[in-house]
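Analysis of the macromolecular model
Chain by chain, the residues run as shown.
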Amino acid sequence: MPPLLLDDEEAVAVVVGLRTTSGGTVTGIEDASLRALAKLEQVLPSRLRHRLTTLQQSMVRVAAEAPRVAPEILLTIAEACRRHERLRFDYTDHAGVTSRRDVEPDSLVNVSRHWYLVGWDVDRADWRSFRIDRLEPRVPTGPRFIPRPLPDGGAATYLSRRLSVASWPWRTVITLHGSATEVADRVWPGMGVLEAVDDVSCLLHLGADSPASLAWMITALDIGFTVTDPPELVTALRTVSERCRDAIVDAPDAVLHRVPPRCQRRGGESVSRTARG
């Protein structure tokens, strides 16, 4: 490669990116990332090398076990997406059933520990998502196609809806008493799909394996909400409410203790920093 001219911020970004990637879900990417990182560190000016060494010594990455995908498969799919060429592949679903698929690929999406292909399934005449670690491409690729508009405003939103709502046996839409902007930080990745309504409310599309799981997810948001259906969810929420009420009646003297923020302990007592002044 020809020489690259990077400013300080760009060099730091590349080093942090390589260090983070060295524990990823792409087969063989760790060694390649570490080799590239070692080469880059050799040519860094001393002022940056010292700062980045300090940063790397402080970085701790906790990586969960995840299926690995081969980089050549990612490249094959990415090239088919770019050239708008059909992909033919063998796909093994979650039940272990293998089928031949003919897909017009649109996007590669990385969600948490998995890579997905989002595309138009020609035989089923509908949009589908596929776990890339479960597919085996067949070459060469098929004929070119005219791209179709994606549903739900894009691949990321479509896949989020599929993973968090559409694939579950129990689904609901609840009204949250807060704007989508206010609530966004409370909805963890993969939990559900937010839909803005106005400045004081929004909709949350949810899916789970049982009404009880839905009830737990909703109450964990710690915000006012309105639920009308399904009836099984309403019953599950009433059960949670009654259980909490009974717990309070059975333990009337229970007190929740919270240490005030910005406090230090001295001689067994909590001392506020502001009070010490």
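Note that the structure is predicted; figures quoted are calculated from it, not measured.

About the thresholds
Residues numbered from 1 in each chain as written. Predicted model: local features only at pLDDT ≥ 70, side-chain atom pairs only at ≥ 80, totals over all residues. Heavy atoms only, no water. Helix = DSSP H or I, 4+ residues; strand = E, 2+ residues; numbered from the N terminus. Contact = heavy atoms within 4.5 Å. Areas by Shrake-Rupley, 256 points an atom, 1.4 Å probe, with all protein chains shown as cover. Patch = residues over 30% accessible without salt bridge, like charges linked within 9 Å, V, L, I, M, F, W, Y side chains within 5 Å. Salt bridge = Lys/Arg side-chain N within 4 Å of Asp/Glu carboxyl O. Pairing = 2+ DSSP bridges. Axes fitted to C-alpha atoms, helices over the stretch in contact; angles between N-to-C directions. Core = buried A, V, L, I, M, F, W, Y, C linked by side-chain atoms within 4.5 Å. Buried < 20%, exposed > 50% of the residue type's maximum accessible area, 1.4 Å probe, protein only. Expected span 1.5 Å × (residues − 1). Arc of directions from axis to C-beta. Phe/Tyr/Trp six-rings, centres within 6.5 Å; stacked < 30°, edge-to-face > 60°.

The helix and strand tally for the protein stands at nine helices and 11 strands. In the protein, 56% of the contacts between residues at least 6 apart in sequence involve partners at least 24 apart. Summed over its atoms, the accessible surface of the protein is roughly 17800 Å², and 54% of this surface lies on carbon and sulfur atoms.

Together, Leu4, Leu6 and Val14 line one region of the surface with nonpolar side chains, adding up to about 260 Å² of accessible area. Position of leucine 6 among the secondary structure elements: in the segment before helix H1 (8–21).

As summarised here, the arrangement of the five strands in space is S4-S3-S2-S1-S5, forming an open sheet in which the pairing is antiparallel. What marks the edges here is a single partner per strand, and that holds for strand S4 (126–131) and strand S5 (135–138). For this sheet, the mean angle separating the axes of adjacent strands, direction not counted, is 50 degrees. Alignment of strand S2 (residues 98–111) against strand S3 (residues 114–121), held across eight bridges, turns out to be antiparallel. Paired with glutamate 104 across the two strands is tryptophan 120, which belongs to S3. Along the sheet, helix H4 (residues 71–83) makes contact with strand S1 (87–92), S2, S3 and S5, crossing S2 at roughly 90 degrees.

This part covers the nonpolar core. Judged by nonpolar contacts, the single largest core of 21 residues is most densely connected at Leu176, Leu204 and Leu206. The next biggest cluster of nonpolar side chains, apart from the first, holds 15 residues, and it includes Val69, Ile73, Leu87 and Tyr91.

For H4, spanning 13 residues, the distance from its first C-alpha to its last is 18 Å, which sits close to the expected 18 Å at 1.5 Å a residue. All of the buried residues along H4 are Ile73, Leu74, Ile77, Ala80 and Cys81. For H4, the buried positions fall inside an angular range of 130 degrees around the axis, keeping them on one side. Across H4 from its buried face, at more than 90 degrees, point the exposed residues Leu75 and Arg82. For H4, the elements touching its buried residues are S1, S2, S3 and S5.

Let us look at the sheet that holds strand S7 (residues 192–196). One key point about sheets: their strands pair by backbone hydrogen bonds, in either a parallel or an antiparallel sense. Spatially, S7-S8-S6-S9 is the arrangement adopted by the four strands of the open sheet, whose pairing is antiparallel. Bordering the open sheet on either side are S7 and strand S9 (225–226), each of which pairs with just one other strand. Alignment of strand S6 (residues 170–176) against S9, held across two bridges, turns out to be antiparallel. Along S9, the bridge assignment pairs leucine 176 with phenylalanine 225. Sheet strands in contact with helix H7 (residues 211–219) are S6, strand S8 (202–208) and S9, and its direction is about 140 degrees off that of S8.

Further remarks concern the packing of aromatic side chains. Enumeration over the complete set of coordinates arrives at four aromatic pairs. Judged by centre distance (5.2 Å) and plane angle (80 degrees), the rings of phenylalanine 89 and phenylalanine 130 are edge-to-face. With a gap of 41 residues between them, phenylalanine 89 in strand S1 and phenylalanine 130 in strand S4 connect regions that are remote in the sequence. As far as burial versus exposure is concerned, phenylalanine 89 and phenylalanine 130 are alike and both buried. The interplanar angle of 85 degrees and the centroid separation of 5.8 Å between the aromatic rings of tryptophan 120 and tryptophan 127 together place this pair among those described as edge-to-face. Classification of tryptophan 127 as buried rests on a relative accessible area of 9%. An aromatic cluster is defined as three or more aromatic residues linked by ring pairs; in this entry it consists of Phe89, Tyr91 and Phe130.

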